[in-house]
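Observations on the model geometry
Spelled out from the first residue to the last, the chains are:
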Amino acid sequence: MMQISLPLRLQLSLIIVIGAAFLKYHTWSNLLVYGAIALVWIYLLQVPLPKLGGLLGTELIFLSLVALPLGWERASFLLVRSLICLIVMNGFLLTLPPHSLGIALKSLPIPAPLKENLILAGQYLEILLLEVTRMQRSAQLRGLNGTAGWLRYASAAMIGSLYLRTLDRAERVYGAMVARGYNGQLPLDSPLKPKERFILLIAGVIAACLTLSSYLTVICCLLYTSPSPRDRQKS
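Our subject in this report is the structure included herewith.

Parameters and conventions
- Numbers given to residues run from 1 along each chain, matching the order in which its sequence is written.
- Residue-level local features of this predicted model are given only where pLDDT is at least 70; pairs of side-chain atoms are given and counted only at 80 or more, and the full residue set underlies all totals for whole chains, interfaces and linings.
- As a rule here, side-chain values come from all non-hydrogen atoms in the structure, and water together with hydrogens is ignored.
- Only DSSP runs of H or I with at least four residues qualify as helices, and only runs of E with at least two residues qualify as strands; both kinds are numbered from the N terminus onward.
- Remark: exposure states derive from per-residue accessible area (1.4 Å probe, protein chains only) relative to the maximum for the residue type, with buried under 20%, exposed over 50%, and partly exposed in between.
- Contact between two residues is taken to exist if any of their heavy atoms lie within 4.5 Å; hydrogens are not considered.
- The Shrake-Rupley method, run with a 1.4 Å probe sphere, supplies the accessible areas, and residue values consider only the shown protein chains as cover.
- Pairing of aromatic rings covers Phe, Tyr and Trp, the last counted by its six-membered ring, and requires centre-to-centre distances within 6.5 Å; plane angles under 30 degrees mean stacked, over 60 mean edge-to-face, and any other angle means tilted.
- What makes a patch is a set of residues exposed beyond 30% relative accessible area and free of salt bridges, joined within 9 Å when like-charged and within 5 Å when nonpolar (Val, Leu, Ile, Met, Phe, Trp, Tyr).
- Every case where a carboxyl oxygen of Asp or Glu lies within 4 Å of a side-chain nitrogen of Lys or Arg is listed as a salt bridge.
- Expected span, for any helix, means 1.5 Å times one less than how many residues it has.
- Working note: the arc is built from the helix axis to C-beta atom directions.
- In these notes, a set of buried Ala, Val, Leu, Ile, Met, Phe, Trp, Tyr and Cys residues joined through side-chain atoms within 4.5 Å is what counts as a nonpolar core.
- Fitting a line to C-alpha atoms yields each axis, with helices limited to the stretch in contact; the angle taken between N-to-C directions then spans 0 to 180 degrees.
- Crossing handedness is defined as follows: a turn of the near helix away from the far one that is anticlockwise and smaller than a right angle gives a left-handed crossing, while the clockwise case is right-handed.
- When residues are grouped by polarity, Ala, Val, Leu, Ile, Met, Phe, Trp, Tyr, Cys and Pro land in nonpolar, Asp, Glu, Lys and Arg in charged, and all others, Gly among them, in polar.
- Whenever a nitrogen or oxygen atom comes within 3.5 Å of another N or O atom, the pair is scored as a polar contact, on the condition that within protein one atom can donate a hydrogen and the other can accept it, and that pairs from neighbouring residues in sequence are kept only if both atoms are in side chains.

Check the secondary structure of the protein chain and you find 10 helices and zero strands. Traced from its N-terminal end to its C-terminal end, the protein chain shows the element sequence α-α-α-α-α-α-α-α-α-α. Across the 235 residues of the protein chain, 34% fall into the buried class. Restricting to contacts in the protein chain with at least 6 residues of sequence separation, those with at least 24 account for 78%. Carbon together with sulfur atoms contributes 68% to the accessible area of the protein chain, which is approximately 15100 Å² in total.

Printed below as a string of structure tokens:
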């Protein structure tokens, strides 16, 4: 994996996702460029492809249920665009070291209270995922192998147990934070290096050009296909 700092990886991922999300509908050429960028991005991060494929399959099933009622042409573009965004963000999340999401969130240019809430939410989300992993391992030791066995094991009682275990673990984490001097404010300074800022600037300019050009392409097509006043008079 390339030596890219966590804040830079997060901000580059957000630039790609936001740029692709604001693309004009049916501008397939611009979307394919973003798709190529997403593939290069997961190659640079060396994302584990089996895990990425499993996540994408589950997420696309839910997205297809929402998108298909919109019509095939609109749904196809929406699904491909969502696939690109999911590839980028899942690639970032799958390559995060343990307990490092808060470090990446420090660099976001958002107000400090919101940033603190995001960091704490990210920390507790990691706790929840860790407890889910432990319960899955416990189910496998009881002979419930595979997805079907895990779903049978994840009854309402197990979900309640998961909530209680996660809450207890979160309280212990909060107690450890207080013991280490936490007073309601987190050290949020995580400045980027000048080289990293330059990379972000270049990436932002490229994403802005790709997204804005999608709207210009549509406008030019409309102007080209619309009849002129002289043609209207002839007709």
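The structure having been displayed, the exposition proceeds.
Below, the discussion takes up the packing of aromatic side chains. Evaluation of the coordinates by the stated rule reveals two aromatic pairs. Aromatic side chains Y25 and F77 sit 5.6 Å apart centroid to centroid with 55° between the ring planes, which places their arrangement in the tilted category. Taken together, the positions of Y25 in the loop between α1 (6-21) and α2 (28-45) and F77 in helix α4 (residues 72-94) put the pair 52 residues apart, joining distant regions of the chain. Since its relative accessible area comes to 24%, Y25 is described here as partly exposed. Their ring planes at 85° and their centres at 5.2 Å tell us that W28 and F77 sit as a pair that is edge-to-face. One end of the pair, W28, is in helix α2; the other, F77, is in helix α4, with 49 residues separating them in the sequence. Overall, the relative accessible area of 34% leaves W28 in the partly exposed class. Given a relative accessible area of 0%, F77 falls into the buried group.

On the surface, F198, I199, L201, I202, V205 and I206 cluster together into a nonpolar patch covering about 530 Å² of accessible area. Among the structural elements, F198 can be located in helix α9 (residues 194-225). Residue classification places F198 among the exposed positions, given a relative accessible area of 52%.

Relative to the assigned elements, R81 resides in helix α4. For R81, the contacting residues outside a window of four places in its chain are A20, A21, L23, Y25 and L31.

In a regular helix each residue adds 1.5 Å, so 18 residues correspond to 26 Å; α2 covers 26 Å between its end C-alpha atoms and thus fits that length. Among all positions of α2, only N30, L31, Y34, G35, A38, W41, I42 and L45 are buried. The buried residues of α2 occupy an angular sector of 145° when projected down its axis, which confines them to one face. Of the exposed residues in α2, the ones pointing more than 90 degrees away from its buried face are S29, L32, L39 and Y43. Trailing α2 by a residue or two, Q46 shows a phi angle of about 55°, which is positive.

It is worth spelling out the nonpolar core at this point. Among the nonpolar cores identified, the biggest contains 26 residues, and Y34, W41 and V88 are the most heavily contacted of them. If you list the elements that add at least two residues to this core, you get α1, α2, α3 (49-67), α4 and α9. In this view, Y34 contacts I16, G19, A20, L23, I84, A207, L210 and T211; residues no more than four positions away in its chain are not counted. Residues L10, A104, L108 and I119 belong to the second largest nonpolar core, which totals eight residues.

Now for the packing of α3 against α4. It is the contact of α3 with α4, at a shortest axis distance of 10 Å, that shows an interaxial angle of 145°. Taken as a pair, α3 and α4 cross one another with a handedness that is right-handed. Two secondary-structure elements touch here, α3 through K51, L52, L55, L56, E59, L60, L63, S64 and A67 and α4 through A75, L78, L79, S82, L83, L86, I87, N90, G91 and L94. In terms of residue class, the contact of α3 with α4 is built from 13 nonpolar, four polar and two charged.

Our focus in this paragraph is the side chain of N30. Along the chain, N30 turns up in helix α2. The class of N30 is buried, set by a relative accessible area of 7%. Within the structure, the side chain of N30 is placed 2.8 Å from the backbone oxygen of L210, a separation counted as a polar contact. A polar side-chain atom of N30 sits 2.8 Å from a polar atom in the side chain of S213.

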